Amino acid sequence: MSVRHFLSLADWSSAELEQLVARAIELKAMRQRGEQYAPLKNKVLGMVFEKSSTRTRVSFESAMVQMGGGAIFLSSRDTQLGRGEPVEDTARVLSRMVDVIMVRTFAHEKIERFAASSSVPVINALTDLSHPCQLLADIQTYVEHRGSIAGRTVAWIGDGNNMCHSYMEAALRFGFKLRIACPEGFDPDSQLLSKTAAVAEIVRDPLLAAEQADLVVTDVWASMGQEEEQVARERAFDAYQVSDEVMAHAKSDALFMHCLPAHRGEEVSAAVIDGPQSVVWDEAENRLHAQKALLEKLVVC
Ligand code: CP
Ligand code: NVA
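Counting restarts for each chain: residues are numbered from 1 in the order of the written sequence. Written order decides the labels, with chains lettered from A and ligands numbered from 1. Side-chain atom pairs in this predicted model are given and counted only at pLDDT of 80 or more, local residue features only at pLDDT of at least 70, and totals for whole chains, interfaces and linings cover all residues. Calculated side-chain values reflect all of the structure's heavy atoms, with hydrogen atoms and water omitted.

(A) The arrangement of the nonpolar core in detail. With 58 residues, the main nonpolar core has Phe6, Ile123, Tyr167, Phe176 and Leu178 as its most contacted residues. Not counting the four nearest positions on each side in its chain, isoleucine 123 is found in contact with Phe6, Phe60, Val100, Ile101, Met102, Val103, Ile111, Cys133, Leu294, Leu295 and Leu298. Judged by nonpolar contacts, the second largest core, of 23 residues, contains Ile157, Tyr240, Ala250 and Val280. Here the nonpolar core consists of buried residues drawn from Ala, Val, Leu, Ile, Met, Phe, Trp, Tyr and Cys, with membership extended through side-chain atoms lying within 4.5 Å. Relative accessibility under 20% of the residue-type maximum defines a buried residue, over 50% an exposed one, and the middle range a partly exposed one, all with a 1.4 Å probe and only protein chains included. Pairs of residues are marked as contacts when any of their non-hydrogen atoms sit within 4.5 Å.

Given below as structure tokens:
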């Protein structure tokens, strides 16, 4: 079906992504001025969640309400998806009733199958492979605080996980350099590493990765679905905490980001996440504005 989806940053051009970020900044200003803007009147977002969420659920649901539409929360626990109804059938049925669908699931292949059977746009709200919505918010946050991220250096410290993958794709699209400090055995996807070799490199040492960086980013050591690996991962990532020492190697005006939820004392120290270089609360808020821009683009434009 020739419907535009948002499954990966790689499927969208640099110009389109830059436009989404610029529009997110405008929509945020409109909300701060108290302007009503309801281009999604009578439109409905279906929200399929197979994993937990705070920010993603609330930001999408609020975005739809604030833009004049509505959203339906569909947990796999309470829908037939959880009882084995094929994703293709679920996609066909939902897309006859709603205008846009977001999906948070485990295997990325599942959202691709879902999208292939959907007659309305499907948004990746996190899979094991990537989290592109979070990157829209992160780039918006960087631009608001420091201007364009093009030509800057970003240090990713921690697991080569879904967030790391989206940072790699973002580095290609937004034109920044990415240094990845992860322990051996926790590298990002090798195909993606080859695809992004011009902009992303593995630097094992967190201090080396952070050296003169403009932005330092981390994420949990055990992602959703890896709960039973928590203890082993705490050992493997022991030397990978974003601490004051790591931040001291970055530029003096470097920012710190984390998609949240965070574990103080594990991947980041309390001093850093609650300190002056941290912009995590703006980053979380920007999920709302960035996703409004995305919904507007997919449903109205
Ligand atoms: N950052 C993020 O996606 O948060 P939630 O898991 O709370 O949605
Ligand atoms: N890597 C984390 C991100 C949470 C928003 C996870 O997948 O659990």
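(B) Layout of helix α1 (residues 14–32). Along its 19 residues, α1 runs 27 Å from first to last C-alpha, staying within 8% of the 27 Å computed at 1.5 Å per residue. In this fold, the buried residues of α1 make contact with α5 (132–146), α6 (162–174) and α12 (280–300). In DSSP terms, a helix is any run of H or I states spanning at least four residues, a strand is any run of E spanning at least two, and both are numbered starting from the N terminus. Working rule for helices: expected span equals 1.5 Å times residues minus one.

(C) Region of the structure containing the packing of aromatic side chains. Stacked, edge-to-face and tilted labels apply to pairs of Phe, Tyr and Trp rings (six-membered ring for Trp) whose centres lie within 6.5 Å, assigned for plane angles under 30 degrees, over 60, and everything in between, in that order. Under the counting rule described, the total for this entry stands at seven aromatic pairs. Between phenylalanine 6 and tryptophan 12, the ring centres sit 5.4 Å apart and the planes meet at 80°, which makes this aromatic pair edge-to-face. Of the aromatic side chains, those joined through ring pairs into one cluster are Phe186, Trp221, Phe237 and Tyr240. In this structure, arginine 4 is placed above the aromatic ring of tryptophan 12, and the distance from its NZ or CZ to the ring centre is 4.1 Å. Over the ring of phenylalanine 73 we find arginine 57, and its NZ or CZ is 3.7 Å from the ring centre. Whether a charge lies above a ring is judged from NZ of Lys or CZ of Arg, which has to be within 6 Å of the ring centre and within 35 degrees of the ring normal.

(D) Fine view of the side chain of serine 76. By the secondary structure assignment, serine 76 is in the loop between β2 (70–75) and α3 (87–94). The class for serine 76 is buried, based on a relative accessible area of 16%. Those residues in contact with serine 76 that sit more than four places away from it in its chain are Phe49, Glu50, Leu81 and Gly82.

(E) Quick peek at the pairing of strand β1 (residues 44–49). Burial analysis of β1 places five of its six residues in the buried class, the great majority of the element. In short, DSSP must find at least two bridges between two strands for them to pair. Of the strand pairs in this sheet, β1 and β2 are connected by six bridges, and their pairing is parallel. Paired with valine 48 across the bridge in β2 is leucine 74. Between β1 and its parallel partner β2, the chain crosses via helix α2 (residues 55–66), and the hand of that crossover is right-handed. Two strands pair when backbone bridges link them, and β1 and strand β3 (residues 100–104) are joined in this way by five bridges, in the parallel orientation. When the bridges of β3 are listed, methionine 47 appears paired with methionine 102. Whether a crossover is right-handed comes down to one check: with the strands pointing away from the viewer, does the path from the first strand over the helix to the second run clockwise; if it does, it is right-handed.

(F) Up close: the site of ligand 1. Around ligand 1, the structure places Ser53, Thr54, Arg55, Thr56, Arg104, His131, Gln134, Cys259, Leu260 and Arg287. With respect to ligand 1, the backbone of leucine 260 contributes an N or O atom lying 3.0 Å from a nitrogen atom. When the free accessible area of ligand 1 is taken as 260 Å², the share hidden by the protein chains comes to 95%. Looking at the shell around ligand 1 residue by residue, the class counts come to two nonpolar, five polar and three charged. Working definition: residue near molecule or strand if any one of its non-hydrogen atoms lies within 4 Å of it. Distance and chemistry together define a polar contact, namely a pair of N or O atoms within 3.5 Å, with one atom able to donate a hydrogen and the other to accept it when in protein, and with adjacent residues in sequence counting only for side-chain atoms on both sides. Using a 1.4 Å probe, accessible areas were evaluated by the Shrake-Rupley method; residue-level cover was limited to the displayed protein chains. Each residue is assigned to one of three groups, with Ala, Val, Leu, Ile, Met, Phe, Trp, Tyr, Cys and Pro labelled nonpolar, Asp, Glu, Lys and Arg labelled charged, and all others, Gly among them, labelled polar.

(G) A look at the sheet that holds β3. If you walk across this open sheet you meet the four strands as β2-β1-β3-β4, and the pairing is parallel. What marks the edges here is a single partner per strand, and that holds for β2 and β4 (122–124). Within this sheet the neighbouring strands show an average axis-to-axis angle of 20°, counted without direction. Inspection of the sheet shows β3 paired to β4 by three bridges, in the parallel sense. By the bridge assignment for β4, methionine 102 is matched with isoleucine 123. Orientation is described by axes fitted as lines to C-alpha atoms, over the contacting stretch for helices, and by angles from 0 to 180 degrees between their N-to-C directions. Across the sheet, α2 is in contact with β1, β2, β3 and β4; its angle to β1 comes to roughly 170°. Where helix α4 (residues 108–116) meets the sheet, its contacts fall on β1, β3 and β4, and the angle it forms with β4 comes to roughly 165°.

On their own, these measurements won't tell you what the molecule is for.
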